[in-house]
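# What the coordinates show
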Amino acid sequence: MVNFMADIKHWAEVVADDVLEHGNRHIVSTGITPSGHIHIGNMREVVTADAVYRVLLERDADVELIYMADNFDPLRKVYPFLPESFAEHVGKPISEIPCPCGECENYADHFLKPFLEGLEKLGIHPTVYKADELYKSGKFTEAIKTALLKRNEIAKILLKVSGKEVDPEWSPFNPICNECGKMDTTTVTGFNIDDETVNYSCSCGSNGTVSMAGGGKLTWRVDWPAKWKMFGVTVEPFGKDHASRGGSYDTGKRISKEIFGYEPPKPIIYEWIMLGKEGAMSSSTGVVVSISDMLKVVPPEVLRYLIIRTKPEKHIRFDPAIPLLTLVDNFERLHSADKLSEYDKTVLRLSHASGLCHTDIPFKHMTTIYQVAHGDFDKIMKIVRRAGYDAEKEKCIKELADNVASWLDMFAPDMVKFSVQENIPPIAATLSDEQRAFLKAMAEFLQDADELDGEDYHNLIYSAKEENGELHKRIKEILGVDELSLSPKTLFKAIYISVLGQASGPKAGWFLSSLEKDFLVKRFAEAADFRP
Ligand SMILES: [Zn+2]
Ligand SMILES: [Zn+2]
């Protein structure tokens, strides 16, 4: 069979090779306004940037990955997750507003901190810049001067590209009022290039003068291209909202070239991540799974894989319930495949990051092990060893067990949850004579057997239904019959009823191998004799 993927380049390689034609020095930039919970949709941006950064490194480019926290943007409104009292802060820069929990330096940091921790867990290590610090230290002052002096040219570009005519009093610079602290209520009334100051009047009734260094901020459509020039950005991923016709990338391109004299970066426009069936994720609609919640559940390399395997322009549907297991399965299969195409090798390589854990225990199997062990880590390790997995990487196994615990708690549907019953469950009274005979034969066999692994158990159960199977003859003897036909479903059900007190359960082979053999001998024997 011809593998058509064999010589297809990965999208990150396409981007990297494209920009390498223009030089060897590159800055891959990414940035988010931390005005609310930074969710998994935003994570696409940083993983996308990191993937291109990593390929550029592999290609020996002189490259840096930077992350810009746009924490000097104003608070737009009282978001649903905020108390009403935040109404007084609307319009103030989010770096200058108190944090909602009272424990962080400021509002922006409250949302930024967990996000930066998430990046760390994903093996992404950008140089982090905070917009408020850049503004306050005067890094933007040159750009502010240029923008104020070329105000009319910028206004013309905005009109031509976005079709919107700005107000006569519009300015590319928004001063922060000295009285009320807001930046969306001020009007520029003059400026002094030599003193680097701007005069304003505010709708709160006051007038004043601010420094260009920290006394205000360039409006977003000008701030963005100013940053490209300041950092020498050559590659930048952003969501499709910025990429619309006449949108901020379109105006940014022109402003960058014509106002700042800088060639705009190569854009990577990415689609949204959709959550389950509920719609696109964004922090303002409330359909949000935060990155920290997600990282509690999904192993970091699997989250990277989710994003890296999909072209940025395709949307990703992410369902943290059962479909998450399929995603993990796909990744684990890729991981253990003997032969991979060059394309798959790239996907796998970019899904990994130094310091990220990998164990050979399938996520799904850990959901069984974890529940059998009732979450007790010593017991988990005992089962892991018995099952023949690599028990050396205890730290990684702990991480996986923690992921599974959170998944069971937050997203797992009831059908995958179970609890091993301490005593014989009353429902065992409903077992048929054939099921009892099967359990009795199982108990006898296990009594004399060595430790069995998952596959042994699987084969053993099937041997009960096959004419020459190990258990088949014994079951016929117990029942005193010459002919016997058993369905595997009946057999599995007997196991689940006697151990879990329910009619279904996890994959039987794995499940039984996770339990102590002596426990099974005792329980199956008991169930075989249990009468109402
Ligand atoms: Zn806080
Ligand atoms: Zn004011």
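From a predicted model like this one, the values you see are computed outputs, not experimental measurements.

## Topic: the coordination of the zinc ion (ligand 2)
Protein-derived ligands of the zinc ion (ligand 2) are C177 (SG), C180 (SG), C202 (SG) and C204 (SG), with the metal-ligand distances lying across 2.2 to 2.3 Å. Around the zinc ion (ligand 2) sit four donor atoms, and with donor-metal-donor angles ranging over 103 to 119° the site reads as tetrahedral. For C180, a relative accessible area of 24% puts it in the partly exposed group.

## As for the coordination of the zinc ion (ligand 1)
Six octahedrally arranged donors around a metal ideally form angles of 90 or 180 degrees; four tetrahedrally arranged donors ideally form angles of 109.5 degrees. Coordination of the zinc ion (ligand 1) by the protein comes from C99 (SG), C101 (SG), C104 (SG) and H110 (ND1), over a distance range of 2.0 to 2.3 Å. The coordination sphere of the zinc ion (ligand 1) comprises four donor atoms, whose angles at the metal cover 96 to 118°; the geometry is tetrahedral. Taken in chain order, the donor set of the zinc ion (ligand 1) reads C-x1-C-x2-C-x5-H. Here the two residues C104 and H110 agree in accessibility, since each one is buried.

## As for the pairing of strand β2 (residues 62–69)
Summarising burial for β2: six of the eight residues are buried, a large majority. Summarising the sheet, strand β1 (residues 25–32) and β2 pair through eight bridges and their orientation is parallel. For V28, the partnering residue across the bridge sits in β2 and is L65. Bridge count between β2 and strand β3 (residues 127–130): four bridges; the pairing is parallel.

## Comments concerning the state of the cysteines
Applying the stated criterion across every chain, the model contains one disulfide. In this model C357 forms its disulfide with C396; the gap between the sulfur atoms is 2.0 Å. Looking along the S-S bond of the C357-C396 disulfide, the torsion reads about -75°, which is the left-handed sense. Here C357, found in the loop between α13 (342–351) and α14 (363–372), pairs with C396, found in helix α16 (residues 394–410); they are 39 residues apart in sequence, far enough to count as distant.

## Examining the packing of helix α11 (residues 300–308) against α13
Where α11 contacts α13, the axes come no closer than 8 Å and their chain directions differ by 135°. If you check the angle between α11 and α13, you find them oblique. Helix-helix and strand crossings are classified by hand; for α11 and α13 the assignment is right-handed. Along its contact with α11, which presents E301, R304, Y305 and I308, the element α13 presents V347, L350 and S351. Taken together, the residues of the contact of α11 with α13 break down into four nonpolar, one polar and two charged.

## Remarks on the domain arrangement of the protein chain
Each assigned domain of the protein chain is listed here: domain 1 (11–163 + 218–270), domain 2 (363–416) and domain 3 (426–529). Placing the centre of domain 2 and that of domain 3 at their C-alpha centroids yields a distance of 25 Å. The interface of domain 2 with domain 3 comprises nine residues on the first partner and eight residues on the second. When the two sides are added together, the surface that domain 2 and domain 3 hide from each other amounts to roughly 830 Å², 56% of it contributed by carbon and sulfur. For domain 2, the biggest contributors to the area lost against domain 3 are H365, T368 and R386; these three give 59% of the whole. A salt bridge links K382 to E516, with the nearest nitrogen and oxygen atoms 3.2 Å apart. Seen at the junction of domain 2 and domain 3, the total is three residue pairs in polar contact (both at pLDDT 80 or more). Those elements that provide at least two residues to the side of domain 2 that touches domain 3 are α14 and α15 (377–386). Split by residue class, the side of domain 2 that touches domain 3 holds four nonpolar, two polar and three charged.

## Some remarks on the pattern of salt bridges
One pass over the full model with this rule turns up 31 salt bridges. Note that R54 is salt-bridged to D50, the shortest N-O span being 3.7 Å. Separated by four residues within a single helix, R54 and D50 lie in helix α2 (residues 40–58), roughly one turn from each other. As far as the burial class goes, R54 and D50 line up, both buried. Across the pair D329 and K364 runs a salt bridge, and its minimum N-O distance is 2.9 Å. Taken together, the residues span a long stretch of sequence, with D329 in helix α12 (residues 322–336) and K364 in helix α14 at a distance of 35 residues. With a relative accessible area of 33%, K364 lands in the partly exposed category. Each of D70, D73, K217, D223 and K227 takes part in salt bridges that share partners, so that together they form one network.

## Focus: the sheet that holds strand β6 (residues 197–202)
Pairing is antiparallel across the open sheet formed by three strands, whose spatial order is β5-β6-β7. On the outer flanks of this sheet lie β5 (186–192) and β7 (207–211), each paired with one strand and no other. Taking each pair of neighbouring strands and ignoring which way they run, the sheet shows an average axis angle of 30°. As paired elements, β6 and β7 share five bridges and run antiparallel to each other. Its bridge partner being in β7, N199 is matched across the sheet by T209.

## Digging into the side chain of E301
Tracing the chain through its elements places E301 in helix α11. Although E301 is buried, it makes no salt bridge; R304 carries the closest opposite charge, 8.4 Å away.

About the criteria used
- Residues numbered from 1 in each chain as written.
- Chains lettered and ligands numbered in written order.
- Predicted model: local features only at pLDDT ≥ 70, side-chain atom pairs only at ≥ 80, totals over all residues.
- Heavy atoms only, no water.
- Donors = N, O, S within 2.8 Å, 3.2 Å for Na, K, Ca; no water.
- Tetrahedral: all angles 85-135°; square planar, octahedral: opposite > 155°, others 65-115°.
- Buried < 20%, exposed > 50% of the residue type's maximum accessible area, 1.4 Å probe, protein only.
- Helix = DSSP H or I, 4+ residues; strand = E, 2+ residues; numbered from the N terminus.
- Pairing = 2+ DSSP bridges.
- Disulfide = S-S within 2.5 Å.
- Axes fitted to C-alpha atoms, helices over the stretch in contact; angles between N-to-C directions.
- Parallel < 35°, antiparallel > 145°, perpendicular 65-115°, else oblique.
- Left-handed = near helix turned anticlockwise from the far one by under 90°.
- Contact = heavy atoms within 4.5 Å.
- Nonpolar A, V, L, I, M, F, W, Y, C, P; charged D, E, K, R; others polar.
- Domains from an automatic or database assignment.
- Buried area = accessible area lost by both parts, 1.4 Å probe.
- Salt bridge = Lys/Arg side-chain N within 4 Å of Asp/Glu carboxyl O.
- Polar contact = N/O pair within 3.5 Å; in protein donor to acceptor, adjacent residues only side chain to side chain.
- Lys, Arg positive; Asp, Glu negative; His and termini not counted.

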